[in-house]
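The chain contents come next:
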Amino acid sequence: MNTRKWAVGLGAMVALSTLVVGCGAATNNSAGGTKTANGTGGNPSGTTFKVGLVTDTGGLNDHSFNHLAYLGLQKAESQLGVKGEVVQSQAASDYVPELTRFAQNGDNLVIAVGFLMQQAVQQVSKEYPNTKFLIIDDPITGRPNVVSAIFDTQQCGYLVGAMAGLMQKQHGIKGINGQNVLGVIGGQNIPPVTSYIAGFYQGAQKVDPGVKIILNYANSFTDQATGQQLAKDEIAKGADIIFPVAGGTGTGSINAAKAAGVYAIGVDANQNYLAPQTVITSALKAVDTATYDVIKEAQQGQFKSGVQTFDLSNNGVGIAPPTSTVPQSIVQQVNQLSSQIKSGAITVSPNIPTGK
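In this text, all values refer to a predicted model and were calculated from it rather than measured experimentally. Going along each chain's sequence as written, the residues are numbered from 1 onward. For a predicted model such as this one, the threshold for reporting local features is a pLDDT of at least 70, and the threshold for listing and counting side-chain atom pairs is 80 or more; totals across whole chains, interfaces and linings nevertheless cover every residue. Working from all heavy atoms in the structure, the side-chain values ignore hydrogens and water.

## Looking at the overall build of the chain
Helix numbering and strand numbering both begin at the N terminus, where a helix is a DSSP run of H or I of at least 4 residues and a strand a DSSP run of E of at least 2. Per the secondary structure count, the chain includes nine helices and twelve strands. For each residue, the accessible area found with a 1.4 Å probe, counting protein chains only, is set against the maximum for its type, and the residue is called buried under 20%, exposed over 50%, and partly exposed in between. Here the chain holds 356 residues, and the buried ones make up 58% of them. Two residues form a contact once any of their heavy atoms are found within 4.5 Å. Sequence-distant contacts, at least 24 apart, represent 71% of the contacts inside the chain between residues at least 6 apart.

In structure tokens:
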């Protein structure tokens with residue numbers, strides 16, 4: 001029986017939030033037998049609204065979407081008075097028992113963080129039709145007790161790709177080597193990753209048709225050593241800006257860029273704090289906002305099943321303020337591209353261009 005960490009301190013992330021440190025062990029309850037059901041409307045007056053959050057195997061220290069979901073839960077605890085509990089998955093086999101335990105305990109809303117939990121949510125939400133579920137990054141439809149938060153990250157990927165491409169074309173930027181090569185590292189070849197990368201390709205190639213982009217997959221969201229090695233390989237081939245879309249694995253890529261004196265672009269959260277002189281901007285995905293909004297809707301009896309989409313137009317995606325390394329003229333061009341995406345003048349595909 002596996003030991004679970006329930007809430008861990010994120011010491012390296014104090015710039016983003018301060019977490020209470022605590023540890024405990026949880027056992028897996030059987031999914032069989034009588035299933036406890038809670039109502040689908042608002043919470044009765046005088047009772048506490050309970051939220052259970054299950055991370056994927058990347059855990060809260062991923063500096064990325066798991067951490068952001070936890071920030072959304074923390075905000076709901078502070079502002080809405082909900083009672084939240086978090087469990088970190090150690091393996092994919094943990095997903096079903098962890099989701100089940102929260103449902104059996106009568107939690108009002110159970111949150112599954114990540115595309116990789118889709119099958120587990122499909123199974124457990126069917127077994128507990130009166131429990132509400134939120135899944136991040138995977139569209140589950142036709143299930144009245146499940147809401148899916150989907151992010152058009154190809155849009156923010158386009159903007160940071162354009163920024164990287166424009167930097168390749170501008171002479172005199174320290175750290176840009178003139179070889180016109182960009183590096184991309186994906187955690188896994190799955191839609192929440194490839195949509196970012198698709199946008200990056202389209203944005204970079206729009207402003208710099210001759211740019212070369214090197215793409216590798218780490219096949220992990222937790223392996224910093226692999227992230228570091230892949231970035232080193234891409235830097236050796238001329239890449240002077242690295243874009244890791246790889247959760248915790250990407251931390252290793254950023255470290256490699258820092259060591260080599262080149263640049264990196266963060267993902268999901270503003271990751272500049274990891275290497276302030278290296279991370280010039282980040283492609284942002286507002287998982288914290290989506291998590292908070294769905295908790296609030298569920299608590300107030302306004303839960304809406306189906307897919308909720310977050311994009312540039314509703315501030316569901318975006319980019320972090322660029323550092324001073326990025327010339328203001330480039331920032332202005334990127335802002336113009338953002339306006340064109342919002343207006344519909346530019347449509348960004350979530351699919352990586354053929355042959356890439």
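After that view, the rundown keeps rolling.
## Let's talk about the environment of Thr100
Relative to the elements of secondary structure, Thr100 occurs in helix H2 (residues 95-104). Side-chain polar atoms of Thr100 contact the backbone oxygen of Val96, separated by 2.7 Å. Polar contact is defined as a pair of N or O atoms within 3.5 Å, subject to the rule that within protein one atom must be able to donate a hydrogen and the other to accept it, and that residues adjacent in sequence are counted only when both atoms are side-chain atoms.

## As for the pattern of salt bridges
By definition, a salt bridge exists where a carboxyl oxygen of Asp or Glu is found within 4 Å of a side-chain nitrogen of Lys or Arg. Per the counting criterion, the structure on display carries four salt bridges. Between Lys50 and Asp107 there is a salt bridge whose closest N-O contact spans 3.9 Å. Of the two residues, Lys50 is situated in strand S1 (residues 50-54) and Asp107 in the loop between H2 and strand S3 (109-113); the sequence distance between them amounts to 57 residues. For Asp107, a relative accessible area of 2% gives the class buried.

## Description of the packing of aromatic side chains
Working definition: rings of Phe, Tyr and Trp (its six-membered ring) pair if their centres are within 6.5 Å, and the pair is stacked with planes under 30 degrees apart, edge-to-face with planes over 60 apart, and tilted otherwise. Tallied over the entire structure, the rule returns three aromatic pairs. Considering the side-chain rings of Phe151 and Phe310, the 5.2 Å spacing of their centres and the 25° angle between planes classify their relative orientation as stacked. Taken together, the residues span a long stretch of sequence, with Phe151 in strand S5 (residues 146-151) and Phe310 in strand S11 (residues 306-310) at a distance of 159 residues. Across the pair, Phe310 and Phe151 agree in class, each one buried. Ring-pair connections join several aromatic residues into one group, and the members of that group are Tyr196, Phe200 and Phe243. The lysine or arginine in question, Arg101, covers the ring of Phe102, its NZ or CZ lying 4.7 Å from the ring centre. Only lysine NZ and arginine CZ atoms are considered, and such an atom sits over a ring when it is within 6 Å of the ring centre and within 35 degrees of the ring normal. Looking at Lys285, its charged tip hangs above the ring of Phe65, at a distance of 5.6 Å from the centre.

## Let's talk about the packing of H2 against helix H3 (residues 118-127)
Orientation of H2 relative to H3, taken along the N-to-C sense of each, is 35°, at an axis distance of 9 Å. Seen along the crossing, H2 lies across H3 with a hand that is right-handed. Packed against H2, whose contacting residues are Tyr95, Val96, Leu99 and Thr100, the element H3 presents Ala120, Val121, Gln123 and Val124 at the interface. Classifying every residue of the contact of H2 with H3 by side-chain character gives six nonpolar, two polar and no charged. Under this scheme, a helix contributes an axis fitted over its contacting stretch, all axes are lines through C-alpha atoms, and angles between N-to-C directions fall in the 0 to 180 degree range. Crossing handedness follows the turn of the near helix against the far one: under a right angle anticlockwise gives a left-handed crossing, and clockwise gives a right-handed one. Each residue gets one of three labels, nonpolar for Ala, Val, Leu, Ile, Met, Phe, Trp, Tyr, Cys and Pro, charged for Asp, Glu, Lys and Arg, and polar for the others, Gly among them.

## Quick word on the packing of helix H1 (residues 65-80) against helix H8 (residues 287-299)
The relative placement of two packed helices is expressed as an angle between their axes plus a distance between the axes. In contact at an axis separation of 7 Å, H1 and H8 are set at 40° when each is read in the N-to-C sense. Put simply, H1 runs oblique to H8. For the pair H1 and H8, the crossing hand works out as right-handed. Taken together, the residues of H8 that come into contact with H1 (itself represented by Phe65, Leu68, Ala69, Leu71, Gly72, Leu73, Lys75, Ala76, Gln79 and Leu80) are Val287, Asp288, Thr291, Tyr292, Ile295, Lys296 and Gln299. The class makeup of the residues in the contact of H1 with H8 is ten nonpolar, four polar and three charged. Should an angle lie under 35 degrees it is considered roughly parallel, over 145 roughly antiparallel, and from 65 to 115 roughly perpendicular; all remaining angles are considered oblique.

## Points about the nonpolar core
Counting 73 residues, the largest nonpolar core has Leu109, Phe200, Ile241, Phe243 and Ile295 as the members making the most contacts within it. Among the elements that line this core, the one with the most residues is helix H4 (residues 153-169), at nine residues. Each residue touching Leu109, except ones within four places of it in the same chain, is listed here: Phe49, Lys50, Val51, Gly52, Lys132, Phe133, Leu134, Val294, Ile295 and Phe303. Think of a nonpolar core as a cluster: buried Ala, Val, Leu, Ile, Met, Phe, Trp, Tyr and Cys residues, connected wherever their side-chain atoms sit within 4.5 Å.

## Examining helix H6 (residues 224-236)
The span expected for a helix works out to 1.5 Å for each residue beyond the first. In a regular helix each residue adds 1.5 Å, so 13 residues correspond to 18 Å; H6 covers 18 Å between its end C-alpha atoms and thus fits that length. Among all positions in H6, only Gly227, Leu230, Ala231, Glu234 and Ile235 are buried. Seen from one end, H6 has its buried residues packed into an arc of 135°, which puts them on one side. Along H6, exposed side chains directed more than 90 degrees from the buried face belong to Ala225 and Ala236. In this structure, the buried side of H6 is in contact with strand S6 (181-186), strand S7 (212-217), strand S8 (241-245) and helix H7 (249-260). The arc under discussion is defined with respect to the helix axis, by the directions toward the C-beta atoms.

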